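Secondary and tertiary structure notes
Listed here are the chains, written in short residue letters.
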Amino acid sequence: MPRVLVVNTGSSSIKYQLFEMDGRQALASGLVERIGEAGARLTHRTGDAEPLVVEERVGDHSEGFERVFRAFETAGGPIGELAGIGHRVVHGGDRLTEPTRIDDAAIAAIADQAPLAPLHNPSNLLGIRIAMASFPDTPQVAVFDTAFHQTMPPRAWRYAVPADLAAQLRIRRYGFHGTSHAYVSRKAAEHLGRPAGELNLVTLHLGNGASVAAVAGGRCIDTSMGLTPLEGLVMGTRSGDLDPAVVFYLHREAGLSVDDIDDLLNKRSGMLGLAGANDMREVERRAAEGDQAAAEALDVYCYRIRKYVGAYAAALGRLDALVFTAGIGENSDGVRAGVCQGLEGLGVALNPKRNRSRSGRPRTISPDDSKVAVLVVPTNEELEIAEQTLAVITG
Ligand code: ADP
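Bear in mind the structure is a predicted one, so any value in this text is a computation, not a measurement.

**A few points about the pattern of salt bridges**
A complete count under the given rule lists 20 salt bridges for this structure. For E33, the salt bridge goes to R41, with nearest N and O atoms at 3.4 Å. Under the relative-accessibility criterion, R41 is labelled partly exposed at 27%. Where salt bridges share partners, they join E282, R285, R286 and E289 into one cluster.

Shown next, in the form of structure tokens:
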């Protein structure tokens, strides 16, 4: 019974999940948060049991991993024999296009992408190094958030900036959430009972971060995030698309530095900037209570998505299904209705009762005769990383 541990190491957190791969079953999962800060906490879940919660200082990531391994011992379900460890790595650039067995060359290549993802890749690497030291004989695999999008044609990934500069600095569209877009594309095809190779999909990953992908025959042909996750849809705290000249204007007129503007557009914009709250449940609650700013923010949020669906329907030529996933996509029937409203011309229709139904499983929320099937497909990035890890290890 092969087991795979999936690890996502952030700058102040470690998320993990242990899978038994014969039954694709999650045995345990957990999170260490606020590493190196006040209020650090480990939450470890085993099956349906009450979670184990430990609140004590976690000085650094090494201590964080020790806590995780200890939690497995004390919470009754030991890690056991591991077939492999799969690490989520945010940026693979244009060279790391497949899940990769980790060795010295892979580590150097991941480090080489760090300027493109300065907040993420160094933490991801730290997790890899600690896990390799703790499990020196266990194969370890890096799975990249950018990889699924590497099939985009140049017309989709090129920015219209001087070609020599773009080549020198690797300025291009990479796209993120690839693991999720890949997973829900495959699940959508399974749900529709059709081969992925003959389906054209638009997949909408709407979580705190949000992105959309155009997927033709199982391959990504365009996606909304770019060089970094800032481009595209309106997100919890990110602006998404705007005129790049806003940046110069903020600098010249408001005297903001590059770092200030980076912070403003990544952490204080999006729904937080528009409505004063980044949690979609809160924005929807306020809008329902008559808060005008919240209602307008929702309108901007849904309109931006609708524009992308239209653009990607044009890019695909034919649209078979629209797939909603992640926290907002899976749970907010209001956002789904707001997105689909006005897309009738593309053949998109919703069945209101199906849209309001709740379930943790893939489901169709369009009428049976809708030209474009509208689906909700819960994402599972950890399972996808575990599957890809096992596939690399077993060749
Ligand atoms: P992350 O990108 O951090 O993985 P998630 O995919 O968990 O994020 O999505 C988080 C978002 O999902 C939050 O904005 C949250 O408000 C939203 N969300 C979760 N449940 C609901 C719900 N029932 N209705 C509306 N939004 C929801």
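What follows continues from the structure just given.
**Remarks on the pairing of strand 1 (residues 3–9)**
Looking along a regular strand, one sees side chains alternate from face to face of the sheet. Where burial is concerned, most of strand 1 is hidden: six out of the seven residues are buried. Taken together, the seven bridges between strand 1 and strand 2 (residues 14–20) define a ladder with antiparallel strand orientation. Across the sheet, V4 pairs through a bridge with F19, a residue of strand 2. Between strand 1 and strand 2, which pair antiparallel one after the other, the connecting turn spans four residues. Sheet topology note: the strand 1/strand 6 (residues 84–89) ladder contains four bridges and is parallel. Following the sheet pairing, V7 is matched in strand 6 by H87.

**With respect to the sheet that holds strand 1**
Strand order in the open sheet formed by eight strands is 5-4-3-2-1-6-8-7, with mixed pairing between adjacent strands. In this open sheet, the two edge strands, each paired with only one partner strand, are strand 5 (52–54) and strand 7 (100–101). Each of strand 1, strand 2, strand 6, strand 7 and strand 8 (140–144) touches helix 15 (residues 381–394); the most contacted strand, strand 6, lies at about 125° to it.

**Remarks on a nonpolar patch on the surface**
A cluster of nonpolar side chains, namely L242, V246, V247 and F248, defines an oily patch on the protein surface of about 280 Å² accessible area. Among the secondary structure elements, F248 is positioned in helix 7 (residues 245–254). The exposure class assigned to F248 is partly exposed, which follows from its relative accessible area of 42%.

**Some words on the packing of helix 1 (residues 61–74) against helix 3 (residues 121–134)**
At a minimum axis distance of 10 Å, the contact between helix 1 and helix 3 shows a crossing angle of 50°. Judged by the angle between their axes, helix 1 and helix 3 are oblique. For the crossing formed where helix 1 meets helix 3, the hand is right-handed. Listed contacts from helix 3 to H61, S62, F65 and F69 of helix 1 are L126, G127, I130 and S134. The class makeup of the residues in the contact of helix 1 with helix 3 is four nonpolar, four polar and no charged.

**Points about the environment of G93**
Residue placement: G93 occurs in the loop between strand 6 and strand 7. Those residues within four positions of G93 in sequence are excluded, and the remaining contacts are Q113, T146, Q150 and Y174.

**What to know about the site of the ligand**
Close to the ligand lie 13 residues; N208, D279, M280, G327 and N331 are nearest. Note that an oxygen atom of the ligand is positioned 3.4 Å from one of the backbone N or O atoms of R281. When the free accessible area of the ligand is taken as 580 Å², the share hidden by the protein chains comes to 70%. Residue assignment for the shell around the ligand shows that the elements contributing at least two residues are helix 10 (280–288) and helix 12 (326–331). Considering only residue class, the shell around the ligand consists of three nonpolar, seven polar and three charged.

Basis of the calculations
- Residues numbered from 1 in each chain as written.
- Predicted model: local features only at pLDDT ≥ 70, side-chain atom pairs only at ≥ 80, totals over all residues.
- Heavy atoms only, no water.
- Salt bridge = Lys/Arg side-chain N within 4 Å of Asp/Glu carboxyl O.
- Buried < 20%, exposed > 50% of the residue type's maximum accessible area, 1.4 Å probe, protein only.
- Helix = DSSP H or I, 4+ residues; strand = E, 2+ residues; numbered from the N terminus.
- Pairing = 2+ DSSP bridges.
- Contact = heavy atoms within 4.5 Å.
- Axes fitted to C-alpha atoms, helices over the stretch in contact; angles between N-to-C directions.
- Patch = residues over 30% accessible without salt bridge, like charges linked within 9 Å, V, L, I, M, F, W, Y side chains within 5 Å.
- Areas by Shrake-Rupley, 256 points an atom, 1.4 Å probe, with all protein chains shown as cover.
- Parallel < 35°, antiparallel > 145°, perpendicular 65-115°, else oblique.
- Left-handed = near helix turned anticlockwise from the far one by under 90°.
- Nonpolar A, V, L, I, M, F, W, Y, C, P; charged D, E, K, R; others polar.
- Near = heavy atom within 4 Å.
- Polar contact = N/O pair within 3.5 Å; in protein donor to acceptor, adjacent residues only side chain to side chain.

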